[in-house]
Each structure stands twice: as C-alpha cells, then as structure tokens.
Amino acid sequence: MRLAFFGSPAFALPSLDLLHQDHEICLVVAQPDKPAGRGNKLSSPAVALWAKEHNIPLAQPMRLKGNLAFAEQLEELKLDAAITAAYGKILPKNLLDIPKHGFLNIHGSLLPKYRGAAPIQWALVRGEQETGITIMQTDVGMDTGDICLIRPLAIEADDQALSLFEKLSFLGAEAILEALEKLSQGSLERYPQDHQQASHAPMLSREDGRVRWHESAQEIYNRFRGVYAWPGSFSYFKGQEIKIKALKVLNMNSKAEAGTILAIENEGIWVATGEGVLLLEEVQPSSKRGMGARAWANGYQVKPGDRFKEKAEDVAY
C-alpha cells in the first residue's frame, strides 16, 4: 500500500521500520526541529532522523490547519492510507479525507481509556495492571475515532515508563501491520468507542513528578513509575530539592507522620507515607550526581525523625 507516516518520537520507530519493509512509505511527516540541550541547538525528532537515514521524503510543517501547500502535497501522493504514531498534532478534516482509507492511529492504551498525549504514563500512575495498543480510525477529536483493532498487554509490577514504552512500541508495530493486512483484504472492522467510559491522559507537567507523601506507598511508587522518563520524582528536604532515582515498597506499616524518615539502613532510607513505608535506594541532591540514599544521609547529616516535605516552602523539619 502507498502510505504516509506521521510520527515524532522513538515510540514510532518500530512501526515505521516494519511498514517500510512491507509497504511503500511515500512521505514521512514529523514535528519541526526544536532547540534542545544547554546550547539550544536544533534537534530533530527520531522519526525525522529515520527518514533522512532511509532517504524517504520528509515534511515537518509548522502548522497543518490552513496549510494548503501541504494538503496538495498529500493529494499528489495518491495515498491508500496514512498512519500516525505519537505525532503530537491534531489533524484537520481536510487532511483526514485525503487518503483512500483515511488515517489509522497507533495509540498506546485500551481506548476509550486514557485518551490524550500521555496514555502510557498515566496508566502506570493510576496503577493499572493492563494496557495495550488500539488501532483506531482517526477523526477530528482527541482519540475519539472508531476502534479497528485492540491488542492488550499486561503491565508488570516492575514496569516503568521507559520499559512500557518499548514494549508497546513493538506491539504497536505488529498491530498496525495486522490492521493493514485486514484493510487490504477488506476485512478490517470498525466499531465506535463507548464515550461514557472514556478517561483522559493529558501531557505530563513537572508538577506531576512531585512526591505526595500523604498518599500510600503503592500510589507513590506507581507515580514514580509513570514519571520515570520525565519529569522524574522529586521532593524537598530542609528546603532543598531532592530527586528520587530508585525506591521500593516495603511490607510494613508506620504510624509516623507522612514523609518522616524512620530509619537509615545499608540498603537505603525508610520513609513513612500516608499508608505504608517506602525504601529510598538512590537519590540525587540539587546540582549533584545520583548517589545511594545511605551515602546521601551520611553526607548531609540526615537522621531518623527528619521529614521530607511536599513543597519547597515547607521548610520545617
């Protein structure tokens, strides 16, 4: 089939690789290059780099709505279908109507649950035990189109955002190939989503990484897993920000106030939560490298009874 592929991050690459083997990729469309790093040098999305390496025509339009030149470019390709995978822009109706079979989107959740920009992260934050890939017919809404194919995936207890991204990226590649095979045979079914069952997964903000010590140990751990790639988990100790790089839930309880350091052991620091106890194994003080939590406690005169705070202004301890 003649395809256009819309995507930006590395999540889309396994799908792009497999599609390139079995179909004709006429055009790759990615987000524009953006400044990154300390020098603010322009950095290309992973999908754009792939297109350049494979000598596939690449477009990186700043905007889609009202972009008649880009619409004409798509029309001239005589596309059978277009595929989207974490492209990051809403597609206007005039573009959706161009390919013969429209647009198929590779979405990292079991729709209608977790519509939006960060479905993988929020499934982890909410403690879900199952997620998956949905191949859907793209419409003008936010992940509201008809479902074509669903492939579930169990979430392992030690999965975090990066590991789950990788698993779903490969599952998505397999699912879109299967969907296109059915589409070519005229057997790809479509059925509407149950919009009353919908939940949303908005883009993460830095605030989403703040540890809520009043929550249970399991809830804090789930949030840690979901924000692992970005923004990461952080808290405050004596007014200074501390990033939490590794932790686990302990099978014990405490009546101490949430955030209180209960003990400092060789394996790390025990901290009370709203329900249960966490073991902090690795932390990173502000402007320092990550280090074992025990080493941090020794170097910063941390003692049992001290408390982590949820906000920087909460400096009492």
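Structure: see above.
Every chain is numbered on its own, with residues counted from 1 as its sequence reads. Restriction of local features to residues with pLDDT of at least 70 applies here, the model being predicted, together with a cutoff of 80 or more for giving and counting side-chain atom pairs; totals for whole chains, interfaces and linings are based on all residues. Side-chain measures were taken over the full set of non-hydrogen atoms in the model, leaving aside hydrogen atoms and water.

1. Some details on the packing of aromatic side chains
So, step 1. Stacked, tilted and edge-to-face are the three classes applied to pairs of Phe, Tyr and Trp rings, where Trp contributes its six-membered ring and a pair requires centres within 6.5 Å; stacked means planes under 30 degrees apart, edge-to-face means over 60, and tilted covers the rest. Under the definition given, this model contains 12 aromatic pairs.
So, step 2. Ring centres of Phe6 and Phe70 lie 6.2 Å apart, and the angle between their planes is 75°; this geometry places the pair in the edge-to-face category. Taken together, the residues Phe6 in strand E1 (residues 2–7) and Phe70 in helix H3 (residues 68–76) connect sequence positions 64 residues apart. Across the pair, exposure class does not vary: Phe6 and Phe70 are buried alike.
So, step 3. Should the NZ of a Lys or the CZ of an Arg lie within 6 Å of a ring centre and within 35 degrees of the ring normal, that charge is described as sitting over the ring. In this structure, Arg206 packs its charged tip against the face of Phe234, placed 4.2 Å from the ring centre. Numbered from the N terminus, helices here are DSSP runs of H or I no shorter than four residues, and strands are runs of E no shorter than two. Three labels apply to residues, based on accessible area from a 1.4 Å probe with only protein chains included: buried if under 20% of the type maximum, exposed if over 50%, partly exposed otherwise in between.

2. Describing the pattern of salt bridges
So, step 1. By convention in these notes, a salt bridge is any Lys or Arg side-chain nitrogen within 4 Å of a carboxyl oxygen on Asp or Glu. Applying the stated criterion to the full structure yields 13 salt bridges.
So, step 2. With its nearest N and O atoms 2.7 Å apart, the salt bridge here joins Asp97 to Lys93.
So, step 3. The class of Asp97 is partly exposed, set by a relative accessible area of 48%.
So, step 4. Using a relative accessible area of 52% as the deciding quantity, one classes Lys93 as exposed.
So, step 5. Close ionic contact of Glu178 with Lys182 constitutes a salt bridge, the shortest N to O distance being 3.6 Å. Residue Glu178 and its partner Lys182 are both found in helix H6 (residues 161–185); the two are separated by 4 residues, about one turn of the helix.
So, step 6. By relative accessible area, Glu178 is classed as partly exposed at 27%.

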